[in-house]
Amino acid sequence: MNVAGVDPDTRAITTAWFSPSGHVLVRRDEQKGRIAEDRFYGLVKQFVATAWGLVQNGVEWVYIERPPYGVNPRATIDQACVLGAIRLILGDAGLHYSLVDPGTWKRVLIGNGRADKPLIKEWAVRALGLEDGRPQDAYDAACICQYGRLVSGG
């Protein structure tokens, strides 16, 4: 099964999937703005194009990292809004999705559910061939995608 991985945030939604030749492709939809409410519409609008691109690339299922509870109630609400928009957009595009806890994909791929950012990056560069120098969420999305491939048999 052809799958994609999504690392959602209120500043950027990063999506990864594999090309037919087996290379990891990453798209980062990003918005600038002082507060999440200022970024939300533009971020969501960009992700609509990403979702339809996934459909065109034959993706059948999307694994989305479940956001952690924020450090404050406002951050939690903002993350929930982004996640809700992602789920709605994927559904409108006809894509099925599952949420995955960060500790789960880290444990399955890296062997450590509490793997830190440098370890995740190192693993993605070594195991998936991602180039060094990308934003951290590119490595996370690629790892979430790889997790999806493993659990879906793709």
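This structure is a prediction, so every number in the text was calculated from the model and none was measured. Residue positions are given per chain, counting from 1 as you read along its sequence in written order. Residues qualify for local features only when their pLDDT is at least 70, as the model is predicted, and side-chain atom pairs are given and counted only at 80 or more; totals for whole chains, interfaces and linings, by contrast, use all residues. Side-chain numbers come from the whole structure's heavy atoms, not from hydrogens or water.

Digging into the overall build of the protein
For the protein, the count of helices and strands is five helices and five strands. Helix and strand labels come from DSSP, where a helix needs a run of H or I of at least four residues and a strand needs a run of E of at least two; each type is numbered from the N terminus. Along the protein, helices and strands appear, N-terminal first, in the series β-β-β-α-β-α-β-α-α-α. A globule of 154 residues ought to have a C-alpha radius of gyration of about 15 Å, and the protein, at 15 Å, matches this closely. Taking as baseline every contact in the protein between residues at least 6 positions apart, the subset at least 24 positions apart corresponds to 59%. Note on areas: these come from Shrake-Rupley sampling with a 1.4 Å probe, and a residue is covered only by the protein chains present in the view. Accessible surface, the protein: about 8000 Å² in total, of which carbon and sulfur atoms supply 52%. As used throughout, the charge tally considers Lys and Arg to be positive and Asp and Glu to be negative, leaving His and the chain termini uncounted. Every charge is mapped to an atom, namely NZ of Lys, CZ of Arg, CG of Asp or CD of Glu. Placing the 18 positive and 17 negative side-chain charges of the protein at their respective mean positions leaves the two points 2 Å apart. Restricting the calculation to C-alpha atoms gives the radius of gyration, and the globule rule supplies 2.2 Å times the number of residues raised to the power 0.38. Any pair of residues with heavy atoms lying within 4.5 Å of one another is described as a contacting pair.

Quick look at the side chain of D137
Structurally, D137 can be placed in helix α5 (residues 136–152). Beyond its immediate sequence surroundings of up to four residues, D137 is in contact with D7, A12, T14 and R28.

A word on the nonpolar core
With 22 residues, the main nonpolar core has V24, W105, L109, I120, L128 and C143 as its most contacted residues. Elements that contribute at least two residues to this core include exactly β2 (12–18), α3 (102–110), α4 (117–128) and α5. With seven residues, the top contributor of residues to this core is α5. Discounting residues that sit within four places of it in the chain, I120 has contacts with W105, K106, I110, A115, Q136, Y139, D140 and C143. The term nonpolar core refers to a set of buried residues drawn from Ala, Val, Leu, Ile, Met, Phe, Trp, Tyr and Cys, joined through side-chain atoms within 4.5 Å. Using a 1.4 Å probe on the protein chains alone, a residue whose accessible area is under 20% of its type maximum counts as buried, one over 50% counts as exposed, and one in between counts as partly exposed. Counting residues in hydrophobic clusters, the runner-up holds 20 residues, among them L43, F47, V82 and A93.

Observations concerning the layout of surface pockets
The pocket and cavity definitions rest on a 1 Å grid over protein atoms only: a 1.4 Å probe that fits but cannot leave marks a cavity, an open set with protein on both sides within 12 Å along at least five of seven lines marks a pocket, and residues lining either have an atom within 4 Å of a point. Grid points are joined across faces, edges and corners, and a volume is the space filled by probe spheres set on the points. Estimates place the volume of the largest pocket at around 490 Å³. Along the walls of the largest pocket sit 29 residues, with D7, P8, D9, P68 and Q79 positioned nearest its centre. Sorting the residues of the lining of the largest pocket by element identifies α1 (36–56), α2 (73–92), α3, α4 and α5 as the ones contributing at least two each. With four residues, α2 is the single largest residue contributor to the lining of the largest pocket.

Overview of α2
How far a helix is expected to stretch is found by multiplying one less than its residue total by 1.5 Å. Compared with an ideal rise of 1.5 Å per residue, which puts 20 residues at 28 Å, α2 spans 29 Å between its outermost C-alpha atoms and is within 8% of the ideal. Residues of α2 that are buried include every one of D78, Q79, V82, L83, A85, I86, I89 and L90, and no others. Each buried residue of α2 lies within a common arc of 155° when the element is viewed along its axis, so the set occupies one face. Residues of α2 that are exposed and point more than 90 degrees away from the buried face comprise P73, L88 and D92. Where α2 starts, the residue carrying a side-chain oxygen 3.0 Å from the main-chain nitrogen of R74 turns out to be N72. Count one or two residues on from α2 and you reach G94, which has phi positive near 80°. Each C-beta atom gives one direction from the helix axis, and the arc is the one those directions make. Pairs of N or O atoms within 3.5 Å make up the polar contacts considered here, provided that, within protein, one atom can donate a hydrogen while the other can accept it, and that residues adjacent in sequence are counted only when both atoms are side-chain atoms.

What to know about the state of the cysteines
In this description, a disulfide is simply a cysteine sulfur pair whose atoms lie within 2.5 Å. For the structure shown, the criterion picks out zero disulfides. Free cysteine C143: the closest other cysteine sulfur is in C145, separated by 9.8 Å. Look at C143 and you get buried, because its relative accessible area is 0%.

What about the pairing of strand β3 (residues 24–30)?
Remark: a regular strand shows side chains that alternate across the two faces of the sheet. Strand direction decides the pairing type here: β2 and β3, joined by seven bridges, are antiparallel. When the sheet's bridge partners are listed, A16 is paired in β3 with V26. When DSSP finds two or more bridges between two strands, those strands count as paired. Once β2 ends, the chain turns through five residues before running back antiparallel as β3, passing G22 with a positive phi of about 95°.

Don't take any of this as a statement about function, it's just geometry.
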